[in-house]
Amino acid sequence: MPELTVSVDDRFDVPRAYFADAGVWRQELEKVFRHSWLLVGHESEVPAPGDYVTRKMGTDEVILVRTEAGELQVLLNACTHRGTLLCKADIGNSSHFRCGYHGWTFGNDGTLRGVPRGRELYGKDFDKSSLGLRAARVSSFHGLVFATFDTELCSLAEYLGDMAFYLECMLGVSAAGTDAPYGSFRFTHLGNWKLEADNLAGDGYHLRHAHRAGFEMGLMGAQAGAVEGVCVQFEHGHALRAQRTAVDDDQPRAFPGYPEDRWPEIEQQLSPEQARMFAHSTVVHGLVYPNMAFVHTPRAGGFDAGETDAAMLQVRLFNPLGVNETEELNWLVTPADYPEEWKLSAFKTMQRQHGATAFFESDDLENFRRMLQVNGGVETGHQVPANFDLARDVAPFTPWFDGPGSVVGADISEVNQRWFYRTYLAAMEDRA
Ligand code: FES
Ligand SMILES: [Fe+2]
């Protein structure tokens, strides 16, 4: 393990080995991923009994399934006989999962139901009850399904803490709940997973440089105008960055990107403090520690003629397949009962900006790959740690809202990244 001890207020660098060492990768799976609530999917992906999708929690293969009784379960996708991958499909519907090796068969609630020639070969007292699929704790938040195998970890509500206040602004606008109408999109890219976490947690600094072409093409919409912004940090390592169009608070509230006839419902659904924070929004993005991120852009710009102006909320998950390779899944999450054409317009915005080959995504992925390219350098490893000094001594100005969390009234700062790495490094150092 690279040497490193940080206290909260010290300046600190992150040694390059944290992005390059396969031993660190194994340890963070044990020390960070095993002790966190991890996103696995959206409830709308498995609406009916028997519906399932296969996912990863870190590097563990799991099945998110709705049981015959209608419950959500997250099961380790590993046969308890010899550990063979049980379900090989990405998505499907089944009351049972049968192993391809010796044929053990499990119900979609994980119980071991059938063992070929069981009585004859194992005896009539063979106890199948202890050989069910290993099940995680499961908990949902506005349709997003999280899971953990840590039986000691606090509840999801406690884990999200004050981050829930901000997530609800985006996920709670409709009384009908949320939907993931286009399912999930999966791809892998070269780069360490933490680069994506740190970028999405609050890197406002790279926008006008790495994504300059997007700004020049008008794709940033309202973000390119006069804005004010904040960075907010929360217990358990979560962080977000938000901007709104600079307005006086006595101006009538607007929720750009949402149909105007739904604005009264938004006001009703959100608390007055949430509505104040969310009105006039130009962008909100952040990290639910360790590996879920979200991007919300109400007015993206670059529409086709006649296209509806629709707010886009992308939820992302990044799993470290190795120290140098990351699997990303993302979903468009919309209010469940909004019109189809609104959802389609939001989807186009997502694919144009943040899909696997989109304008902003490809800029970021290329920078992640270039960092990976230098990580193998021995001298580089000794001399070039990752630096997070930006806006360390810049006094916060007063933010525009009264929301919870540690609110820093600056939208270009590395305070969120420092918070993410401090939480991460504390876990790496503390959990022997
Ligand atoms: S490994 Fe699954 S039945 Fe043998
Ligand atoms: Fe970016």
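This is a predicted model, so every value here is computed, not measured.

### Some remarks on the domain arrangement of the protein chain
Domain boundaries assigned for the protein chain yield domain 1 (38-140) and domain 2 (161-430). On a C-alpha basis, the centroid separation for the pair domain 1 and domain 2 is 34 Å. Residue-level contacts link nine residues of domain 1 with 13 residues of domain 2. Ranked by residue count, the leading element in the side of domain 1 that touches domain 2 is strand β2 (residues 38-42), at four residues. Classifying every residue of the side of domain 1 that touches domain 2 gives two nonpolar, five polar and two charged.

### Points about the packing of helix α6 (residues 193-202) against helix α14 (residues 415-430)
The interhelical angle for the contact between α6 and α14, taken along N-to-C directions, is 140°, at an axis separation of 8 Å. In this view, α6 runs oblique relative to α14, as classed from their interaxial angle. Crossing angle aside, the handedness with which α6 passes α14 is right-handed. Residues Ala197, Asp198, Ala201 and Gly202 of α6 form the contact with α14, whose participating residues are Asn416, Gln417 and Phe420. Partitioning the contact of α6 with α14 into residue classes produces three nonpolar, three polar and one charged.

### Some remarks on the environment of Phe97
Examined against the element boundaries, Phe97 turns out to sit in strand β7 (residues 96-98). Judged by the 24 C-beta atoms lying within 10 Å of it, Phe97 is buried. The sequence separation of Phe97 and Asp109 amounts to twelve residues, and the corresponding C-alpha distance is 9.9 Å. Filtering out sequence-adjacent residues up to four positions away, Phe97 remains in contact with Leu86, Cys87, Phe106 and Asn108.

### Quick word on helix α12 (residues 359-375)
Taking 1.5 Å of rise per residue, the 17 residues of α12 would be expected to cover 24 Å, and the 25 Å separating its terminal C-alpha atoms lies within 8% of that figure. Among all positions in α12, only Phe360, Glu361, Asp364, Leu365, Phe368 and Asn375 are buried. Looking down the long axis of α12, one finds its buried residues gathered within 120° of arc, a one-sided arrangement. Of the exposed residues in α12, the ones pointing more than 90 degrees away from its buried face are Arg370 and Gln373. Of the surrounding secondary structure, the elements contacted by the buried residues of α12 are α1 (17-20), β13 (184-190), α6, α7 (207-210), α8 (212-216) and α11 (340-354).

How each quantity is defined
- Residues numbered from 1 in each chain as written.
- Chains lettered and ligands numbered in written order.
- Predicted model: local features only at pLDDT ≥ 70, side-chain atom pairs only at ≥ 80, totals over all residues.
- Domains from an automatic or database assignment.
- Contact = placed C-beta atoms within 7 Å.
- Helix = DSSP H or I, 4+ residues; strand = E, 2+ residues; numbered from the N terminus.
- Nonpolar A, V, L, I, M, F, W, Y, C, P; charged D, E, K, R; others polar.
- Axes fitted to C-alpha atoms, helices over the stretch in contact; angles between N-to-C directions.
- Parallel < 35°, antiparallel > 145°, perpendicular 65-115°, else oblique.
- Left-handed = near helix turned anticlockwise from the far one by under 90°.
- Buried ≥ 20, exposed ≤ 12 C-beta atoms within 10 Å, placed from the backbone.
- Expected span 1.5 Å × (residues − 1).
- Arc of directions from axis to C-beta.

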